[in-house]
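Examining the three-dimensional arrangement
Residues per chain, in single letters:
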Amino acid sequence: MKRVVKDPEERRKELIDTAERLFITAGYDQTAISDIVKEINISQGAYYYYFDSKEDVLVAILERNIGIMEAALKQIADRSDLDEAAKLNAMINQFISLTVSGKKILNYIHQENNATLKKKLRKLKSFSRIAPIIADVVSKGVDKGRFNVSRPLETSYLLV
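A brief look at the structure comes next. Everything numeric in this text was worked out from a predicted model, so none of it was measured. (Residues numbered from 1 in each chain as written. Predicted model: local features only at pLDDT ≥ 70, side-chain atom pairs only at ≥ 80, totals over all residues. Heavy atoms only, no water.)

1. Things to note about the overall build of the protein chain
Note the threshold: Counting from the N terminus, the helices are DSSP H or I runs at least four residues long and the strands are E runs at least two residues long. For the radius of gyration, the atom set is restricted to C-alpha positions; the globular benchmark scales as 2.2 Å times the number of residues to the power 0.38.
Scanning the protein chain from N- to C-terminus turns up nine helices and zero strands. Helices (α) and strands (β) of the protein chain occur, in sequence order from the N terminus, as α-α-α-α-α-α-α-α-α. For 160 residues, the compact-globule estimate of 2.2 N^0.38 gives 15 Å, and the C-alpha radius of gyration of the protein chain, at 19 Å, exceeds that figure by more than 25%. Taking the principal axes of the C-alpha coordinates as reference, the protein chain spans close to 65 × 35 × 25 Å.

2. Focus: unusual backbone geometry
As a reminder of what qualifies: Any residue under 20% of the maximum accessible area for its type is buried, any over 50% is exposed, and the rest in between are partly exposed; the area is computed with a 1.4 Å probe on protein chains only.
Of note, the phi angle at asparagine 41 is positive, near 60°, even though the residue is not glycine. With a relative accessible area of 45%, asparagine 41 lands in the partly exposed category.

3. So, the side chain of glutamate 70
Here is the rule: In what follows, a contact means two residues having at least one pair of non-hydrogen atoms within 4.5 Å.
Tracing the backbone shows glutamate 70 in helix H4 (residues 54-77). Exposure remark for glutamate 70: the relative accessible area of 15% places this residue in the buried category. Excluding residues within four positions of it along the chain, glutamate 70 makes contact with Arg129 and Ile133.

4. Quick look at the packing of aromatic side chains
Let me state the cut-off plainly: Put simply, two rings from Phe, Tyr or Trp (the six-membered ring, in Trp's case) pair if the centres are within 6.5 Å, and we call them stacked under 30 degrees between planes, edge-to-face over 60, tilted for the rest. Sitting over a ring, as applied to charges here, requires NZ of Lys or CZ of Arg to be within 6 Å of the ring centre and within 35 degrees of the ring normal.
The full count for this structure, using the stated rule, is four aromatic pairs. A ring pair is formed by tyrosine 47 and tyrosine 48, whose centres lie 5.3 Å apart and whose planes are at 85°; its orientation type is edge-to-face. The partly exposed category is assigned to tyrosine 48, whose relative accessible area is 39%. Arranged with centres 5.7 Å apart and planes meeting at 40°, the rings of tyrosine 47 and phenylalanine 51 form a pair that is tilted. Classification of tyrosine 47 as buried rests on a relative accessible area of 0%. One aromatic cluster is present, formed by Tyr47, Tyr48 and Phe51 through successive ring pairs. Taking NZ or CZ as reference, lysine 54 lies 4.3 Å from the ring centre of tyrosine 28, over its face.

5. Observations concerning the nonpolar core
Generally speaking, a soluble globular protein has its nonpolar side chains buried in company with each other. Put simply, the rule is: Side-chain atoms within 4.5 Å link the members of a nonpolar core, which is a set of buried Ala, Val, Leu, Ile, Met, Phe, Trp, Tyr and Cys residues.
Of all hydrophobic cores here, the largest spans 24 residues; its most connected members are Phe23, Tyr47 and Leu58. For this core, the elements supplying multiple residues, two or more each, are helix H1 (8-26), helix H2 (33-40), H4, helix H6 (100-109) and helix H7 (115-122). If you tally residues by element for this core, the top one is H4, at six residues. Counting 13 residues, the second largest nonpolar core, distinct from the first, contains Ile66, Met69, Leu88 and Met91.

6. Structural notes on helix H5 (residues 84-96)
Threshold: Helices are assigned an expected span. That span is 1.5 Å times one less than the residue count. To be clear, the arc concerns the directions from the helix axis to the C-beta atoms. Each polar contact in these results corresponds to two N or O atoms within 3.5 Å; when the atoms are within protein, one needs to be able to donate a hydrogen and the other to accept it, and residues that are neighboring in sequence are counted only if both atoms are side-chain atoms.
Its 13 residues place the ends of H5 18 Å apart at the C-alpha level, agreeing with the 18 Å of an ideal helix rising 1.5 Å per residue. Buried within H5 we find Glu84, Lys87, Leu88 and Met91. Projected down its long axis, H5 shows its buried positions confined to an angular sector of 100°, all on one face. Tucked into the core, H5 has its buried residues touching H4, helix H8 (126-143) and helix H9 (152-159). The N-cap of H5, judged by a side-chain oxygen 3.2 Å from the amide nitrogen of alanine 85 a few residues on, is aspartate 83.

7. Points about the packing of H8 against H9
Filter applied, for reference: Note on method: axes are straight lines fitted to C-alpha atoms, helices fitted across the in-contact stretch only, with angles between N-to-C directions ranging 0 to 180 degrees. Note on angle classes: values under 35 degrees are labelled roughly parallel, values over 145 roughly antiparallel, values of 65 to 115 roughly perpendicular, and the remainder oblique. Should the near helix be turned counterclockwise from the far one by less than a right angle, the crossing is left-handed, whereas a clockwise turn marks it as right-handed. Under the convention adopted here, Pro, Cys and the residues Ala, Val, Leu, Ile, Met, Phe, Trp and Tyr are nonpolar, Asp, Glu, Lys and Arg are charged, and Gly plus all remaining residues are polar.
At a closest axis distance of 8 Å, the pairing of H8 and H9 adopts a crossing angle of 120°. With respect to each other, H8 and H9 are oriented oblique. Handedness of the H8/H9 crossing: right-handed. Every residue of H9 that contacts H8 at Phe127, Ser128, Ala131, Pro132, Ile134, Ala135, Val138 and Ser139 is listed here: Pro152, Leu153, Ser156, Tyr157 and Leu159. Partitioning the contact of H8 with H9 into residue classes produces ten nonpolar, three polar and no charged.

Okay, here's the thing in structure tokens:
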């Protein structure tokens, strides 16, 4: 089969999408890098151009999902038709409604034998990206007398 050349960002996205789908359907441990590259018909060398390991593509999946969550929370925070209590409720519901893929991946990460992966994920600083968005809503609610919280940022970390 003829090799298909794609824009590097498009190829990287394709690898992330494919890996996520395979991790969800077959499981992370049961999916090999060879499964990912076969699915999109590229060489393993091409895979390693973008990612150093299978863990690294999982980190990329999580990074993308955190970005999606961050954007959704910002969108809720910017709504002018909701008061702060309704915004906070919508944000919590956003967390509860994690996608099936998000739930499966989080369950995998929280297994006891994944300490190395957890260490890599700490570098994403996902809470430090999301908590300030929630803290801003809580702080505005405090200013309006809707909430009685002395430390909005710490409270938002607890909520997250």
